[in-house]
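# Coordinates in review
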Amino acid sequence: ATDPVPGGCASTGASAGVSTNTGVIWVCRTHARNYAYAPLRAMAAMEYEGVNFMRVDGRAVQHTAVDGAFFYFATLNLPLRAVGLRVQLLLAMPEEDVIGDVVAGRNLAIGITCAVFVVVTALSFVIIGSVLAPADDVARRMYLTSKLQSAQHSAGNSDAEGHAYVTTDGTAAAAAEEDRASARSRSMARSSLAEIRALQVAYETMDTAINSFTKYVPRDVVKE
């Protein structure tokens, strides 16, 4: 009974009317700040509006991190009729338990949205490429026409199959040129866009006029 009693403890040796025949018993109250449970230690050190979180009159809720994990802390004072006795209800709940499903659903929605965006973007490039392909064909033909070259072949008297025409008079040359123009017209696929179709028609009209002109004036002479 002569040993010093640790702080926060009571000894039966110092209490009146208690038999010491069975030895001296110490009764110690463990403080919340000494518990191994980290959230409880956090609540013991936490303050709410200038008052220790564990001694708040009424109720309070806090959200903070403990050892890298977020927790929701709640405290509620339970009023009792007994004088000098205070009961405080404490709650520590991991954030994952509260909004874990919400976060998982949010991440799933973001993933699906990103996947749909990637797929739609890829399809858009494919569709745009296929839709604008006739415009590229018209641009190529117009460039060749500007050089007074055949839209099918760069130069030479040949038909759409690449066979050379051997002509002895203007009638045969005119027939060959008409065959080439017909082959060019058939090979140009019509676009699904009205604007590009109008451009194709305008080009074919111009190409027909140039071919008609070059029936009487050799291309090499005009190019010079």
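As shown above, the structure is provided for reference.
Residues numbered from 1 in each chain as written. Predicted model: local features only at pLDDT ≥ 70, side-chain atom pairs only at ≥ 80, totals over all residues. Heavy atoms only, no water.

## Focus: the overall build of the chain
- A tally of regular secondary structure across the chain gives five helices and seven strands.
- Starting at the N terminus and walking to the C terminus, you meet the elements of the chain as β-β-α-β-β-β-β-β-α-α-α-α.
- Across the 224 residues of the chain, 20% fall into the buried class.
- When contacts within the chain are restricted to residue pairs at least 6 apart in sequence, long-range pairs at least 24 apart make up 34% of them.
- Here the chain has roughly 15600 Å² of accessible surface; of this, 60% comes from carbon and sulfur atoms. (Helix = DSSP H or I, 4+ residues; strand = E, 2+ residues; numbered from the N terminus. Buried < 20%, exposed > 50% of the residue type's maximum accessible area, 1.4 Å probe, protein only. Contact = heavy atoms within 4.5 Å. Areas by Shrake-Rupley, 256 points an atom, 1.4 Å probe, with all protein chains shown as cover.)

## Things to note about the packing of aromatic side chains
- Under the defined criterion, the tally for this structure stands at one aromatic pair.
- Seen in terms of ring centroids, F71 and F73 are 5.9 Å apart; in terms of plane orientation they differ by 15 degrees. Their pairing is stacked. For the pair shown, F71 and F73 are each scored as buried. (Phe/Tyr/Trp six-rings, centres within 6.5 Å; stacked < 30°, edge-to-face > 60°.)

## So, helix α4 (residues 194-214)
- Taking 1.5 Å of rise per residue, 21 residues should cover 30 Å, and α4 covers 30 Å from first to last C-alpha, within 8% of that figure.
- Within α4, the full set of buried residues consists of I196, Q200, Y203, E204, D207, N211 and T214. Each buried residue of α4 lies within a common arc of 105 degrees when the element is viewed along its axis, so the set occupies one face. Turned more than 90 degrees off the buried face of α4, the exposed positions are E195 and T205. (Expected span 1.5 Å × (residues − 1). Arc of directions from axis to C-beta.)

## Points about the pattern of salt bridges
- One pass over the full model with this rule turns up three salt bridges.
- Linking D137 and R140 is a salt bridge whose minimum nitrogen-to-oxygen distance equals 3.0 Å. Linking D137 with R140, this pair stays in helix α2 (residues 95-146), spanning three residues, or about one helical turn.
- For R140, a relative accessible area of 39% puts it in the partly exposed group.
- Between D137 and R141 there is a salt bridge, with its nearest N and O atoms 2.9 Å apart. With a gap of four residues between them, D137 and R141 both fall in helix α2, about one helical turn apart. (Salt bridge = Lys/Arg side-chain N within 4 Å of Asp/Glu carboxyl O.)

## With respect to the packing of α2 against α4
- Closest axis-to-axis distance for the α2/α4 pair is 10 Å, and the angle between their directions is 20 degrees. Judged by the angle between their axes, α2 and α4 are roughly parallel. Viewed along their axes, α2 and α4 form a crossing whose handedness is left-handed. Between α2 and α4, the contacting residues are V131, L132, P134, A135, V138, R141, M142 and T145 on the first element and I196, L199, Q200, Y203, M206, D207 and I210 on the second. (Axes fitted to C-alpha atoms, helices over the stretch in contact; angles between N-to-C directions. Parallel < 35°, antiparallel > 145°, perpendicular 65-115°, else oblique. Left-handed = near helix turned anticlockwise from the far one by under 90°.)

## Section: the sheet that holds strand β7 (residues 87-94)
- The three strands are arranged β5-β6-β7 in an open sheet whose pairing can be described as antiparallel. For this open sheet the edge positions go to β5 (59-66) and β7, each flanked by a neighbour on one side alone. Strand-to-strand twist across the sheet, computed as the mean angle between neighbouring axes with direction ignored, equals 20 degrees.
- Bridge count for strand β6 (residues 69-78) against β7 is eight bridges, and the pairing is antiparallel. (Pairing = 2+ DSSP bridges.)

## What to know about the environment of V61
- Relative to the assigned elements, V61 resides in strand β5.
- On the basis of relative accessible area, V61 is assigned to the exposed category, the value being 56%.
- Sequence separation of V61 and Y48 is 13 residues, and the distance between their C-alpha atoms is 8.8 Å.
- Those residues in contact with V61 that lie beyond four places of it in its chain are Y48, F73 and A74.

## Section: helix α1 (residues 38-45)
- If you check which residues of α1 are buried, you get A38, P39, L40, M43 and A44.
- Residues of α1 that are buried sit in contact with β4 (51-52), β5, β6 and β7.

## Remarks on the nonpolar core
- M43, M46, F53, V66 and F73 are the most contacted members of the largest nonpolar core, which has 13 residues in total.
- Elements supplying a minimum of two residues to this core: α1, β5 and β6.
- At four residues, the largest contribution of residues to this core is made by α1.
- Those residues within four positions of M43 in sequence are excluded, and the remaining contacts are N52, F53, M54, F73, L90, L91 and A92. (Core = buried A, V, L, I, M, F, W, Y, C linked by side-chain atoms within 4.5 Å.)

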